[in-house]
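# Architecture and fold: a report
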Amino acid sequence: MTDRKPMIVSEGVKKWFGDFQALRGVTTTVGERDVVVVIGPSGSGKSTFIRCINRLEVHQEGRIVVDGIELTNDLRNIDAIRREVGMVFQSFNLFPHLTVLENITLAPIWVRKQTRTESEENGMQLLERVGIPEQAEKFPGQLSGGQQQRVAIARSLAMNPKVMLFDEPTSALDPEMIKEVLDVMKELAQSGMTMIVVTHEMGFAREVADRVLFFDYGTIVEEGTPEHFFTNPQHDRTKLFLSQIL
Amino acid sequence: MVKPLEPQTTASEHAKPPFWRNVTVLKWIAQIGFLTFFVWLFYILISQAVSNLEGTGIPFSWDFLAEPLGVLLGEGFNTSPGSGLEALAVGMTNMLRITASGIVAATILGTIIGVARLSSNWIVSQVANAYIEFFRNIPLLVQIYFWQALVLALGELSADEEGAAWFFATAKGIAIPWLTPQAGRWQYVGFLLLGAFATRWVYKWRVRILEEKGMETHAASWALGTFATFLIAGWLVHPVMGIFGWLWTVLAWIFGNIPVIVFQLILAALAAWLAYRFIKNFLDERRTPAGLAKLTDDDYFRLTVAGLLGLSGVAFFLLGPGESTVSQLLGRSATFSMNWGLEPIFDFLASKFDFSTGAPLEFSRPEVVVPTRFAQYSAEAGRAFTPAFVAVWVGVTLYTAAFIAEIVRAGIMAVHRGQNEAASAVGLKRSQVLRLVVLPQAFRIVLPPLGSQYLNLAKNTSLGIAVAFAEIVQVGQTIYNQRGQTLAVFIIWMAFYAAVSLILSGIVNYYNRKMQLVER
């Protein structure tokens, strides 16, 4: 546990899809500037959990508080949280009808009410940060998977979020493109961004994470520092999982 | 050592198969055979039709186009046309009026209903669903009859209502306020065309400054302002456009004095140029860096046909029937006595750009007048739609909107769910997600099926004949009932519908190509 100011607080979060209970009471706190990596087998609820944090899924029980704002049915709260929380998806989800730069400037112009010039300058800086300024005028369909995911990261960063959520950002990529995306994420972590990352990249978890959460059957089975987690896991389920993937 | 196989036959045996086994020869025979067959088939059909018509004592002719007709049409820009051609032109414009306004209205209504169908609000989505199922499952003809009956049941227009009002709805039709064009409208429209060019220039100029200096230049607002200036200024200064009247007069004189041979030469050159372009493109497509790829027999056949068609085009326009055809098309003989063609167009324009002053459009409310014992809508004030027009317009619009709604729904659902999520995740509001991300992508998916609904709407206007709406089928039928020129009217019908459909699908295809997503 960190003594930093809490950024995301989750208390007993439960979620059902029909009869199936995806989350069985998730309680955790993510502090400011924390990098939390979430691992676990498929169907364990890790993606559902981070999708609840920006209301792409609606939790049915428990509380989620982001930067002091509670996630309720109040549209104003939902909009406020979505402005502060960026999200990167497994399938990139770039807008195919807009150029790379337009993808990035869309939300700043319409939500933050920035001028076009201002948002484009900012967008070019972000593209330089993720290493592909020369692709600004291309369309997403013309880029490689790794480049698309870096654009997606830049698109989220353009809103100046306080928290970034990553939902298996490298799972749809060729092995040689994974590194270019992870490098961008590492740089982001070092710059002090609060991040929750669902991933199967254990190397990334070991190197960058402040804390690792292990999910199974909709709950956090074990959590701790990467060191504790990879060298001295306590639960049998964690041991079994690690023995299968390492 | 393995001994190389001896060839079983020698090369010379391969070189010359008998012609009935020679693939090259067989292909040529097949191509020429089919071509001859179709030419023969068309010849038989047309000559049979012509001789049948002669047998009835009514030989095929286009004369009715120029001769007086003596019928009254239900509505249109001229309800007592002076000639067959004028009557058909009235029918065509009536059809185009319903088609153009129906397409706009059906698209707007269909999009709203399609989006409503997907609403998470149960009542809204069920109402939209009921609309779709109701209008989609009843034959359009029945619907048109229904709307006609509804309008006719509205009650008679009584003489007591004499005078102007905002709105009338009676068995005589529906009358609404309208902007009626006045004498100066041509000059005004000409002025607005200049305004459109100016707007384009201003927009590009502001964008260029934006790109060079990187400052916010509000290009769109500037462009809008420019056009608004023209819109308002034109109202006052449009008479100055009368200057163009002189230009049109000069152009009319020039075109009126070009000898027919010049037009013949232009058309012949066009035919030769088309054939040349086809052959050149054909060969270019088959050219590789290593040289021209080997042409198949089929390729040679196409090249030959293209060349022959080009040559016969040149021959047609320069020799033989060319001169008389061109003269007829232009409506003049080699001695320069003329009536149709480019000259009359410029003459017409010259007569409209005449420095006339006054407001180009006039707003007026509909008015009931009682010229005889019976009250009717005034033709000068407001705009009255006949029961037939209302029935056809409402019928095709509501019917087509139901299909468009389903197409829009399919288009929206075909946009990947991740697009919605990503757009929400960056903080866009629900309405912004729909407007900025989902609809632009759905529009691309929707365009091709939307185009075929537009074609359906255009063709369905022909059902207007059922309620005696004076569109081209109804007018055409009136003409052949009078004159017996069935074949000629059929040819005009088919050519007109084919032209409208081809133009519509050409526009849709153009946008479809332009809107394609850029992929690798």
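Predicted model, so just to flag it, every value in this text is computed and none were measured.

Cut-offs applied
Residues numbered from 1 in each chain as written. Chains lettered and ligands numbered in written order. Predicted model: local features only at pLDDT ≥ 70, side-chain atom pairs only at ≥ 80, totals over all residues. Heavy atoms only, no water. Helix = DSSP H or I, 4+ residues; strand = E, 2+ residues; numbered from the N terminus. Rg over C-alpha atoms; globule rule 2.2 N^0.38 Å. Buried < 20%, exposed > 50% of the residue type's maximum accessible area, 1.4 Å probe, protein only. Contact = heavy atoms within 4.5 Å. Pairing = 2+ DSSP bridges. Axes fitted to C-alpha atoms, helices over the stretch in contact; angles between N-to-C directions. Domains from an automatic or database assignment. Expected span 1.5 Å × (residues − 1). Parallel < 35°, antiparallel > 145°, perpendicular 65-115°, else oblique. Left-handed = near helix turned anticlockwise from the far one by under 90°. Nonpolar A, V, L, I, M, F, W, Y, C, P; charged D, E, K, R; others polar. Buried area = accessible area lost by both parts, 1.4 Å probe. Salt bridge = Lys/Arg side-chain N within 4 Å of Asp/Glu carboxyl O. Polar contact = N/O pair within 3.5 Å; in protein donor to acceptor, adjacent residues only side chain to side chain.

In terms of helices and strands, chain B carries 17 helices and 10 strands. In summary, chain B has a C-alpha radius of gyration of 31 Å against a globular reference of 24 Å for 520 residues, an excess of more than 25%. Each principal axis of the C-alpha distribution contributes one length, and for chain B these read about 110 × 75 × 55 Å. Residues counted as buried form 36% of the 520 residues belonging to chain B. Look at the contacts in chain B between residues 6 or more apart in sequence, and 71% of them connect residues 24 or more apart.

So, about the sheet that holds strand β1 (residues 6–17) of chain A. All names here are of chain A. Strands sit in the order β2-β1-β4-β5 across an open sheet of four strands; the sheet is antiparallel. With one partner strand each, in any of the chains shown, β2 (20–31) and β5 (69–70) form the two edges of the open sheet. The sheet contact formed by β1 and β2 spans nine bridges and is antiparallel. Within β2, the position partnered with Pro6 by the bridge is Gly31. Its contacts with the sheet place helix α1 (residues 46–53) against β1, β2 and β4 (61–66), and it is angled at close to 60 degrees to β2.

Before going further, it helps to examine the domain arrangement of chain B. As assigned here, chain B comprises domain 1 (18–55), domain 2 (97–160 + 395–471 + 499–520) and domain 3 (180–259 + 342–364). For domain 1 of chain B and domain 3 of chain B, the distance between their C-alpha centroids amounts to 54 Å.

A few words now on helix α16 (residues 472–483) of chain B. Residues and elements named next belong to chain B. Here α16 contains 12 residues, and its C-alpha end-to-end distance of 16 Å stays within 8% of the 16 Å for a straight helix at 1.5 Å per residue. Within α16, burial applies to Ile472, Val473, Gln474, Val475, Gly476, Ile479 and Tyr480. Where α16 is buried, its residues meet α3 (84–117) and α17 (486–515). Taken from the residues just after α16, Gly484 is the one with a positive phi, measuring 75 degrees.

Moving on, we come to α1 of chain A. Residue and element names in this part refer to chain A. For α1, a buried count of seven out of eight residues is recorded, marking the element as mostly surrounded by other parts of the structure. Within α1 the residues assigned to the buried category are Lys46, Thr48, Phe49, Ile50, Arg51, Cys52 and Ile53. After α1 finishes, the residue Arg55 shows a positive phi value of roughly 65 degrees.

Residues and elements named next belong to chain B. Interaxial distance between helix α13 (residues 387–414) and helix α15 (residues 430–460) falls to 8 Å at its minimum, and their mutual angle equals 155 degrees. Our classification of the angle between α13 and α15 gives roughly antiparallel. Where α13 crosses over α15, the handedness of that crossing is right-handed. Of the residues in α15, those in contact with Val396, Tyr399, Thr400, Phe403, Ile404, Ile407, Val408, Gly411, Ile412 and Ala414 of α13 are Val438, Leu439, Ala442, Ile445, Val446, Pro449, Leu450, Gln453, Tyr454, Leu457 and Asn460. Residues of the contact of α13 with α15, tallied by class, amount to 17 nonpolar, four polar and no charged.

Okay, the interface of chain A and chain B next. Listed per partner, the contact involves 27 residues of chain A and 28 residues of chain B. Buried area between chain A and chain B, summed over both chains or domains, comes out near 2,400 Å², and the portion from carbon and sulfur atoms is 60%. When the shortest N-O distance is used, the salt bridge between Glu421 of chain B and Arg51 of chain A registers 2.6 Å. Joining chain A to chain B, the criterion identifies four residue pairs in polar contact (both at pLDDT 80 or more). Listing elements by their share of the side of chain A that touches chain B, those giving two or more residues are α2 (75–84), β6 (85–88), α3 (100–110) and α4 (116–129) of chain A. In terms of residue count, α3 of chain A provides more of the side of chain A that touches chain B than any other element does, three residues in total. Within the side of chain A that touches chain B, the residues separate by chemical class into 14 nonpolar, eight polar and five charged.

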